[in-house]
Amino acid sequence: MIQVTGMGPGGPEPFRPTSGRSLPRRIAKAWPLYLALLPTLGLIAAFAYWPTINGIIQSFYNSSNTQDNVFVGWDNYSQLLNDSVYWSAFANAIKYFVFGITVGWVLPFITAELLISLSNTRLQYILRTALILPMAFPATVFGFVWSFLYDANQGVINTFLRGIGLGGLAHNWIGDPTTALGALMVIGFPIMFISSGG
């Protein structure tokens with residue numbers, strides 16, 4: 001049996017872990033630390049946990065402007081599961097999730113591997129700076145830029161398509177249901193890629 005020892009004034013002495021103390025005694029000894037955490041825990045509970053819990057509770061009720069909440073049990077969930085719009089939105093959320101995982105995890109790993117494999121150190125620094133520099137701009141800037149690109153009338157994309165003779169492809173990218181999801185994914189692409197550290 002191996003015994004861990006420590007150096008004491010008189011030489012090596014057995015190591016005695018403090019885990020033998022009971023939990024109430026440890027809490028009682030460290031009560032000032034727990035007291036200092038109470039404001040933070042209170043804010044987390046009020047603004048993070050309670051809205052979620054209250055939303056779950058309210059999902060079992062029906063409410064309107066003319067009457068108070070009426071308990072309906074699982075009826076809301078039954079209607080939700082039979083709603084085709086819900087399943088369409090659910091499928092879009094899965095597509096967006098898969099795209100986000102790919103962009104947020106796979107591509108940054110590939111990019112990092114490519115950067116590491118470069119033999120030119122100066123080129124490595126230039127590419128790293130180019131990838132990190134957009135982090136200095138808030139997400140709202142990306143929103144304005146992409147709204148300017150996607151504008152149905154004067155947007156850069158549609159103007160470019162008309163300029164090269166492909167005006168038939170120009171349309172409302174965000175307003176068209178067939179291209180809206182893909183357009184939103186592309187908007188999220190630089191934000192997800194940059195925020196992931198790529």
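Residues numbered from 1 in each chain as written. Predicted model: local features only at pLDDT ≥ 70, side-chain atom pairs only at ≥ 80, totals over all residues. Heavy atoms only, no water.

Draft legend 1. Spotlight on the overall build of the protein. Summing up its helical and strand segments, the protein has eight helices and four strands in all. Listing the helices and strands of the protein from first to last along the sequence gives β-β-α-α-β-β-α-α-α-α-α-α. Considering the protein as a whole, with its 198 residues, one finds that 17% of them fall into the buried category. Considering only contacts in the protein between residues 6 or more positions apart, those separated by 24 or more positions represent 33%. (Helix = DSSP H or I, 4+ residues; strand = E, 2+ residues; numbered from the N terminus. Buried < 20%, exposed > 50% of the residue type's maximum accessible area, 1.4 Å probe, protein only. Contact = heavy atoms within 4.5 Å.)

Draft legend 2. How the structure looks around the packing of aromatic side chains. For the coordinates displayed, the defined rule picks out eight aromatic pairs. A centroid spacing of 5.1 Å and a plane angle of 85° characterise the contact between F60 and W74, whose relative ring orientation is edge-to-face. Taken together, the residues span a long stretch of sequence, with F60 in the loop between α2 (31-58) and β3 (61-62) and W74 in the loop between β4 (70-71) and α3 (75-81) at a distance of 14 residues. Residues F60 and Y77 carry aromatic rings whose centres are separated by 5.6 Å and whose planes lie at 50° to one another, so their mutual orientation is tilted. (Phe/Tyr/Trp six-rings, centres within 6.5 Å; stacked < 30°, edge-to-face > 60°.)

Draft legend 3. Broad picture of the side chain of T179. Structurally, T179 can be placed in helix α8 (residues 177-195). At 3.4 Å, the side chain of T179 forms a polar contact with the side chain of H171. The contact partners of T179, leaving out residues within four places of it in the chain, are H171, N172 and W173. (Polar contact = N/O pair within 3.5 Å; in protein donor to acceptor, adjacent residues only side chain to side chain.)

Draft legend 4. Structural context of the side chain of N158. Turning to its location among the elements, N158 is positioned in helix α7 (residues 156-163). Setting aside anything within four residues of it in sequence, one finds N158 in contact with D151, A152, A170, H171 and W173.

These figures capture arrangement, not role.
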